[in-house]
Structure formats: structure tokens, C-alpha cells
Amino acid sequence: SDQRSPGGSMNNLELAAHWVRGRETLPRYLILGMTNLCNSKCVTCFYWDHLNVNRHLEMRLEEYDRALADLGSLYSVVLTGGEPTLNRDLPKITGILYRRHDASNVTMPTNAIIPEQVEATVAGVLESRRDERQTFTVGLSMDHLGDRHDVIRGAPGNFVKLQETYRRLAALKRKSRGFTLNVQTVLASFNK
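First, a word on what this report is: a plain description of the structure on this page. (Residues numbered from 1 in each chain as written. Predicted model: local features only at pLDDT ≥ 70, side-chain atom pairs only at ≥ 80, totals over all residues. Heavy atoms only, no water.)

### Topic: the sheet that holds strand E5 (residues 179-184)
Line of reasoning, step 1. A sheet is described by the order of its strands in space; here 5 strands give the open sequence E1-E2-E3-E4-E5, paired in parallel fashion. One side of each edge strand has no neighbouring strand; the edge strands of this open sheet are strand E1 (29-33) and E5. The mean inter-strand angle of the sheet, taken between neighbouring strand axes irrespective of direction, is 20°. (Pairing = 2+ DSSP bridges. Helix = DSSP H or I, 4+ residues; strand = E, 2+ residues; numbered from the N terminus. Axes fitted to C-alpha atoms, helices over the stretch in contact; angles between N-to-C directions.)

### Notes on the pattern of salt bridges
Line of reasoning, step 1. Inspection of the entire model under this criterion finds 10 salt bridges.
Line of reasoning, step 2. In this structure, the salt-bridge partner of aspartate 102 is arginine 130, at a minimum N-O distance of 2.6 Å. With a gap of 28 residues between them, aspartate 102 in the loop between helix H3 (90-99) and strand E3 (105-110) and arginine 130 in the loop between helix H4 (115-128) and strand E4 (135-141) connect regions that are remote in the sequence.
Line of reasoning, step 3. Here aspartate 102 falls in the buried class, since its relative accessible area comes to 9%.
Line of reasoning, step 4. Among the salt bridges present, the one from glutamate 119 reaches arginine 168, with a minimum N-O distance of 2.5 Å. Separated by 49 residues along the polypeptide, glutamate 119 in helix H4 and arginine 168 in helix H6 (residues 158-175) bring together distant segments of the chain. (Salt bridge = Lys/Arg side-chain N within 4 Å of Asp/Glu carboxyl O. Buried < 20%, exposed > 50% of the residue type's maximum accessible area, 1.4 Å probe, protein only.)

### Comments concerning H6
In an α-helix, one turn spans 3.6 residues; hence positions three or four apart end up facing the same way.
Line of reasoning, step 1. Helix length check: H6 (18 residues) gives 26 Å between terminal C-alpha atoms against 26 Å at 1.5 Å per residue, within 8%.
Line of reasoning, step 2. Burial in H6 covers these residues: Asn158, Phe159, Leu162, Thr165, Leu169, Ala170 and Leu172. The buried side chains of H6 occupy one side of the element, clustering within an arc of 160° when seen end-on. Turned more than 90 degrees from where H6 packs its buried face, Val160, Arg174 and Lys175 sit exposed.
Line of reasoning, step 3. The inward-facing, buried residues of H6 contact H4, E4, helix H5 (146-153) and E5. (Expected span 1.5 Å × (residues − 1). Arc of directions from axis to C-beta. Contact = heavy atoms within 4.5 Å.)

Put into C-alpha cells, the structure is as follows:
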């Protein structure tokens, strides 16, 4: 039987020992697509031609529930998109990950274009955790400053909205342990 740290989730040392022992395991790391909808048109995007199409192929909450059912505990989950916060079921999906699959670390990028929605989504995710030892990390996508950021992201006014999203999430961070707020960027010749 797996040795567990208090609260039931595996810490890094326990996870490494588990792998070193050579035991067969189900995936401990999962990249989970939340939606192919995106409200940006980033020049850095490598799959722009797959965004905002075939909406009928997107999974519903019940389908996520069934698709995840056979997985054991998960150490790390990255939620991707499009823009992940455009999936209104995201907090319920993280609830499944945190509660049923004992996810220790969940991470999500955001383009921060809709500050109110990002804030509400993050608040819902934080509430979906079993306890504050389960972490949630948000990466605010920032590729430059001011208007140059907006051009790279293909979204006029994005930089101002990014700053507002940061303010809102920083306020949530002050009230919630286990929540990390980062800035992430794609480094390329046009923003070096």
C-alpha cells in the first residue's frame, strides 16, 4: 500500500520513492484540455487553427467525470485551453481532481482578458479543494508591456485587463493558502 503524508496526498519524496521502486502506476501527471475556445489571437500560438472550432466535440462535465474515473491519485495536473476559464465547469472539474483523485498540484494559465470571470473561476477552484495543502497555481500570460503585449496577444486592451486580473487574484491570494500567482511568457524574437 502507498505511504501517504498527512491528509492523504503524496509528497515529492514519497512520489519519487514510489517510482524508484518500479511499481506500475497510473499516470501521476496529467495535461487536461478545458476548452478549445479562446478570446485571444496570439502570434505565439502553435495551434491557432484548432481554436474556436468544433465546439460540439468538447467534453461536458459528465464526460470529464467518466474519462477521469479510472485514474488513481494524481500528483500534478495542468489545465489547458484555449482559454481555460471559458469552460464554466472548470471549478467542478477541479473538484473531481482534488477530491476523488487527490490531486496535489493543479496549474492553469490564463490570458486574463475577462478579469471578473477569471476571479470567479479561481475562487471556485480554491473552494473545490479538500484542504489548503492541495495547491492551485495560476500563470498570467504576459508577453510584453502595454500596447506591445496587446499586439502579440491579438487582443486590444489585454494589458490593462491583465493588470486588473492580477489585482483581483492578488487579493484572493492574500486570503487563501496554497494559491500561487505567477506570470508566464513565451520568449521569442519579437518580445526579447
